[in-house]
Amino acid sequence: MAKILLIADDLTGALDAGVCLLPAAVVVSTSPEGVDRHLLDSCPSALAVNAGTRHLSAPEAAERVCRLVSLAREAGVSCVVKKTDSALRGNVGAELAAAWQASGAERLHFIPALPDMDRVTRAGIHYVDGVPVSESRFGLDPFEPVASSDVRELIAAQTNAPVTVVGEGEPLPPDARGIVVYDVTSQDSMLERVRMLDAAGELGVVAGCSGVASALARVLDLDPEYVEAHGETGGLLVVCGSVNGTSRAQCACAEQSGASTFHIGSTEKCDDSWLDGPAGREFVSRVSASWSERPLTVVDGSGMEDLTGLLPEGADVRQVVADHIGAILVRICERGVRGRVLVTGGDILSSFLSQAGVGLVRPLGQPVPGIVGFELGLSGQSLVIFSKSGGFGNRELFVEMAGGPREAVKECAHA
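Here is what the cut-offs are and how they apply
- Residues numbered from 1 in each chain as written.
- Predicted model: local features only at pLDDT ≥ 70, side-chain atom pairs only at ≥ 80, totals over all residues.
- Heavy atoms only, no water.
- Helix = DSSP H or I, 4+ residues; strand = E, 2+ residues; numbered from the N terminus.
- Buried < 20%, exposed > 50% of the residue type's maximum accessible area, 1.4 Å probe, protein only.
- pLDDT = per-residue confidence, 0-100.
- Contact = heavy atoms within 4.5 Å.
- Pairing = 2+ DSSP bridges.
- Axes fitted to C-alpha atoms, helices over the stretch in contact; angles between N-to-C directions.
- Polar contact = N/O pair within 3.5 Å; in protein donor to acceptor, adjacent residues only side chain to side chain.
- Parallel < 35°, antiparallel > 145°, perpendicular 65-115°, else oblique.
- Nonpolar A, V, L, I, M, F, W, Y, C, P; charged D, E, K, R; others polar.

Moving on, we get to unusual backbone geometry. Across the junction of Leu22 and Pro23, the peptide omega takes the value 10°, indicating a cis bond. Position of Pro23 relative to the elements: it lies in the loop between helix 1 (11-18) and strand 2 (26-29). Within the chain, Asp118 stands out as a residue other than glycine whose phi angle is a positive 60°. The topology assignment puts Asp118 in the loop between strand 5 (107-111) and strand 6 (119-122). For Asp118, a relative accessible area of 37% translates into the label partly exposed. In the Ramachandran plot, Ala123 falls in the positive-phi region, its phi being about 50° despite a non-glycine side chain. Relative to the assigned elements, Ala123 resides in the loop between strand 6 and strand 7 (125-128).

Moving on, we get to the confidence of the model for the protein chain. Reading predicted coordinates in detail is not appropriate for stretches of low pLDDT. Here the protein chain averages 90 in pLDDT, and 94% of its residues register 70 or above. Scored below 50 in pLDDT, residues 226-231 makes 12 contacts in the model with residues more than four places away or belonging to other chains.

Think of a sheet as strands paired side by side through backbone hydrogen bonds, with each pair either parallel or antiparallel. The 7 strands are arranged 13-14-12-15-19-18-17 in an open sheet whose pairing can be described as mixed. The sheet is open, and its two borders are formed by strand 13 (260-263) and strand 17 (363-365), each paired with just one other strand. The sheet shows a mean angle of 25° between the axes of neighbouring strands, direction not considered.

What follows covers the pairing of strand 19 (residues 381-388). Counted residue by residue, strand 19 has 8 buried out of 8 residues, so it is predominantly covered. Residues Gln381, Leu383, Ile385 and Ser387 line one face of strand 19 and the alternating positions Ser382, Val384, Phe386 and Lys388 line the opposite face, and both faces are buried. Pairing of strand 15 (residues 340-344) with strand 19, which is carried by 5 bridges, proceeds in the parallel orientation. The residue of strand 19 that forms the bridge with Leu342 is Phe386. Bridge analysis of strand 18 (residues 371-378) against strand 19 gives 8 bridges, and the strand direction is antiparallel. Across the sheet, the residue bridging to Gly373 is Phe386, located in strand 19. Hairpin remark: strand 18 followed by strand 19, antiparallel, with 2 residues in the connecting loop; positive phi at Ser379, about 55°.

Turning to the side chain of Ser302, a few remarks are in order. Structurally, Ser302 is set in the loop between strand 14 (296-300) and helix 11 (317-333). A distance of 2.6 Å separates the side chain of Ser302 from the side chain of Asp300, its partner in a polar contact. Not counting residues up to four positions away in its chain, the partners in contact with Ser302 are Cys240, Ser242, Val243, Arg248 and Cys251.

Here the focus is the packing of helix 1 against helix 12 (residues 346-355). Working note: a packed helix pair is described by the angle between its axes plus the distance between those axes. Axis separation between helix 1 and helix 12 bottoms out at 7 Å; the angle between their running directions is 95°. By the angle between their directions, the pair helix 1 and helix 12 is classed as roughly perpendicular. Seen from helix 1, the contacting residues are Leu11, Thr12 and Leu15; seen from helix 12, they are Gly346, Leu349, Ser350 and Leu353. Of the residues in the contact of helix 1 with helix 12, the class split is 4 nonpolar, 3 polar and no charged.

The next thing to look at is the environment of Cys79. Inspection of the secondary structure assignment puts Cys79 in strand 4 (residues 79-83). Given the relative accessible area of 2%, Cys79 is considered buried. For the pair Cys79 and Ala2, spaced 77 residues apart in sequence, the C-alpha separation works out to 9.0 Å. Ignoring any residue separated from it by four or fewer positions in sequence, one finds Cys79 in contact with Lys3, Ile4, Leu5, Leu203, Gly204, Val206, Leu216 and Leu220.

Moving on: the pairing of strand 5. On any regular strand, side chains alternate: one points to one face of the sheet, the next to the other face. Across the 5 residues that make up strand 5, a large majority, 5, are buried. Side chains of strand 5 alternate between two faces, with Arg107, His109 and Ile111 and Leu108 and Phe110 buried alike. Direction of pairing for strand 5 relative to strand 10 (residues 178-182): parallel, over a ladder of 4 bridges. Looking at strand 10, one finds that Phe110 is bridged to Val181. As paired elements, strand 5 and strand 11 (residues 205-208) share 3 bridges and run parallel to each other. When the bridges of strand 11 are listed, Ile111 appears paired with Gly208.

Below, the structure is given as C-alpha cells:
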C-alpha cells in the first residue's frame, strides 16, 4: 500500500515532486482517471497524481481534491501531500481547504517554499528571486497571474478556512485549526520543520512544493527501488509550448547558438486539418530528420499570437493548443528516431501522454533541478522524456542539456 499520496494540480508538478521521493518506489499517474483503491494498494511507497486542477474553477478543483484525499483516507494512506506550485499559481486556497476538510485532521501544514530555487516565505510573504511573487514575472503571467504575495490573503481569496502563519523557528501551534502556513528560507529550515511535524505525529496531511517532498523523503521510511534507465543517448528534441518569459528566452538562446529551430504559430496550434495535410506531414518529416542528425532540435511554440477568432466561441484555447502540439509530438516520435525529448509545459506533456496511451510513468531522476526524466515505450522504441515547468531553468538550459559547445553556452549567457 502507498505510504504517500501526492496530489498535484498539473503533470509537471506531479513529476517534480514525485521524483524527489526517489530512490523509493514512485509511480506517477498522468491523470486522476483510474486512481482507485486498487492502485493505492499496489503502490509500495508513493503514488503521485496529476489531478489536472490547475485550470479548473475553484469549486471543481476542490471537489476533485476532496475525492482523492477521501480515497487516501479510506485506504489508510499515512501521509497525504497536497502539492502546490512553488510560485503559488492555481487554486491554492480552494485545494488546501478541500484537502484539510476531507482529511478529517485538525490541521493541514503548508510550507510553500522551495529554497533551492530561491522561492522562500518570510513573515507570511512569498518571494521569488528576492521579489514578492506578485511583483515577479509570475505576477505578470498572461494566463494565471499571481494576485497576492501574502499567503494568508491568497488562501482567503478562495476559502473561509482559518489560516495561521508561523514564523521560522517558532514552535508548532498546538491549538491551531485549519491551514497552518510556515515561513521557510532554507532547505535546512525546511527539513527541521518536517522533522518537528513528524515528531509531533502531524504528517497526516501536509502541503507544499517539491521542497516538502525532498524533506519527506529524508524523514519517512520509504521502500527503496532501483530503476534502470535505457535510451539516454541521441539528439535532444525540445518541444516548447510555454509562453512563460523564461521558456521564451531559452528558445531564443538555443536558436542563437545554432540549434535547428522550427517555429509553430496559429495555424499549427489551432487548425485541426494541418497535421494531416501536406504541410503537416512535411513539418514532421523535417523535424524528425533534424532530431536524428543534429544535437539540438527545437520546436518553438512559445509565440504569443492572438488566437481570437480562430477557434469556436467558448473553446478552451489553452487545451486546444496543448492538444495540437501534443499531437505533433506523437507523430514525430512515431517516426522511430532514437533520442531524448524535453517537453516544456505541463499541459502539452499531459496531452502528449494521453494521446500516446500512457497512464502511469516511473520517474528516473533529475539531470538538473526542475527537470524530471522518465522512460517511455512508443512504437516499439524506448525514449527518455524530460519534463520542465515553464518558469524553471537558466537561459542556456536547452544548449547545456544537448551537450552543446561551451562557447555557445557562454555567448547565450550574455545575450
